[in-house]
Amino acid sequence: MRIAAVGDVHLSAQCRGRIRPDLADLADRADVLLLAGDLTRLGTMDEARTVAAEFGHLAVPVVAVLGNHDYHSDRAEEITALLVEHDITVLEGTGVTLAIGGRTLGIAGTKGFGGGFAGKCASAFGEPQMREFASHTEELAAQLHAALRALDTDVTIALTHYSPVSDTLHGEAPEIYPFLGSYLLGEAIDACDVDLAVHGHAHAGTERGTTPGGIRVRNVAQPVIDAEYAIYEIEAGADLAGRVGASVTGQL
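About the cut-offs
- Residues numbered from 1 in each chain as written.
- Predicted model: local features only at pLDDT ≥ 70, side-chain atom pairs only at ≥ 80, totals over all residues.
- Heavy atoms only, no water.
- Helix = DSSP H or I, 4+ residues; strand = E, 2+ residues; numbered from the N terminus.
- Rg over C-alpha atoms; globule rule 2.2 N^0.38 Å.
- Buried < 20%, exposed > 50% of the residue type's maximum accessible area, 1.4 Å probe, protein only.
- Lys, Arg positive; Asp, Glu negative; His and termini not counted.
- Charge placed at Lys NZ, Arg CZ, Asp CG, Glu CD.
- Disulfide = S-S within 2.5 Å.
- Phe/Tyr/Trp six-rings, centres within 6.5 Å; stacked < 30°, edge-to-face > 60°.
- pLDDT = per-residue confidence, 0-100.
- Contact = heavy atoms within 4.5 Å.
- Pairing = 2+ DSSP bridges.
- Axes fitted to C-alpha atoms, helices over the stretch in contact; angles between N-to-C directions.
- Core = buried A, V, L, I, M, F, W, Y, C linked by side-chain atoms within 4.5 Å.

### Things to note about the overall build of the protein
Thinking step 1. The secondary structure content of the protein amounts to six helices and 14 strands.
Thinking step 2. A compact globule built from 252 residues should have a C-alpha radius of gyration of about 18 Å, and the protein, at 17 Å, falls within 12% of that.
Thinking step 3. The burial tally for the protein puts 54% of its 252 residues in the buried class.
Thinking step 4. Counting 17 positive and 35 negative side-chain charges, the protein places the averaged centre of each group 3 Å from the other.

### Describing the state of the cysteines
Thinking step 1. Tallied over the full model, the rule gives zero disulfides.
Thinking step 2. The thiol of C192 is unpaired, and the distance to the nearest cysteine sulfur, on C121, comes to 20 Å.

### Looking at the packing of aromatic side chains
Thinking step 1. Overall, the coordinates contain three aromatic pairs when judged by the stated rule.
Thinking step 2. Summarising the aromatic geometry, the rings of F113 and F133 are spaced 5.0 Å apart at their centres and angled 55° between planes, so their arrangement reads as tilted. In this pair, F113 is assigned in the loop between β6 (103-110) and β7 (116-117) and F133 in helix α4 (residues 128-149), connecting sequence segments 20 residues apart.
Thinking step 3. According to the relative accessible area criterion, F113 is buried, its value standing at 18%.
Thinking step 4. Residue class for F133 comes out partly exposed when judged on its relative accessible area of 22%.
Thinking step 5. Taken together, the ring pairs connect F113, F133, Y162 and F179 into an aromatic cluster.

### A closer look at the confidence of the model for the protein
Thinking step 1. In this model, the protein carries an average pLDDT of 92, and 93% of its residues clear a pLDDT of 70 or more.
Thinking step 2. Low pLDDT, under 50, characterises residues 244-252; the stretch is placed with 26 contacts to residues that sit more than four places away or in other chains.

### A word on the sheet that holds strand β10 (residues 196-199)
Thinking step 1. Strand order in the open sheet formed by six strands is β5-β6-β9-β10-β12-β11, and the pairing between neighbours is mixed. In this open sheet, the two strands that pair with only one neighbour each are β5 (94-100) and β11 (208-210). Averaged over all pairs of adjacent strands, the angle between strand axes in this sheet comes to 25°, irrespective of strand direction.
Thinking step 2. Taken together, the six bridges between β6 and strand β9 (residues 155-160) define a ladder with parallel strand orientation. Within β9, the position partnered with A108 by the bridge is A158.

### Focus: the nonpolar core
Thinking step 1. Membership of the largest hydrophobic core comes to 54 residues, with the highest contact counts inside it found for L34, F55, L105 and I107.
Thinking step 2. In contact with I107, not counting residues within four places along its chain, are V32, L34, V63, L91, T94, G95, V96, L98, L151, I157 and L159.

Given below as C-alpha cells:
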C-alpha cells in the first residue's frame with residue numbers, strides 16, 4: 001500500500017489553489033492521503049473552506065486529524081462537519097477501515113496532546129490546571145488505544161497531530177518537548193498491532209523515529225518533509241520504504 005501523508009500545511013483563506021495542482025496525479029502515486037493536523041492557521045471557517053477546496057473530493061480517500069491550530073477559534077466541530085461534507089474523514093478517538101487493492105487498511109486517529117516523555121513528563125497531580133492538562137492527554141491516548149484495538153485489518157496506521165515519541169522531535173528545543181507530544185500516545189501504539197505511526201506538529205523535528213516497542217514513526221510536518229506530501233510504501237510484515245512526493249523525489 002502506498003500511503004501519502006502531510007501535516008501542518010497551515011492554510012489561510014488566501015491559499016486557495018496552492019496545493020490542489022500538486023495533487024492532480026496523486027492517485028497514480030498513492031492509495032490514500034493522511035492529513036496530520038494543523039490544516040489551518042487560526043481555525044477559522046474561511047480557512048477550513050480553503051482546506052476543503054484543496055483536499056476535498058480527491059481520487060483517493062483522505063483521512064485527517066485536527067491539530068492545535070484548528071482548535072484555536074473554537075470551531076473544531078464545524079470544521080470537522082465541513083471537511084466531512086467534502087469527503088474527508090476526520091478522526092478523533094475513532095478509526096476507519098478502507099479496502100485497497102483487495103486488502104484492508106485501518107487508520108485510528110486523534111489530535112493527541114502534550115505531556116512529555118521518558119520520566120520527564122506531566123502527571124495529573126496538583127493544581128486543577130495541571131490535572132486538566134495531564135488528564136486530557138490520558139483521555140485521548142486511551143481513546144487512540146481503543147480505536148486501534150477495534151481495528152482488524154491487514155495494515156494498521158496510527159494518525160496523530162502530537163508526537164508519540166521524542167525521536168522525531170530532535171531539532172526542537174528540549175524545553176518544549178512536553179508541548180509537542182506524549183509517551184502515552186506511544187504506549188497506546190505499542191500496545192496494538194500497528195505498522196506505522198504518522199504525526200505532525202514538530203516543525204523543526206526530524207522525519208524518522210521508532211516507538212520503544214519498535215513501531216516506525218514518521219513526522220510529516222510539511223516543514224520537515226519539505227514537499228506537498230511524503231509517500232510510504234508498506235505491506236504487513238514488510239519493511240517500510242519512504243519517498244517524498246510532489247515536487248521532490250528520491251529516498252528519504
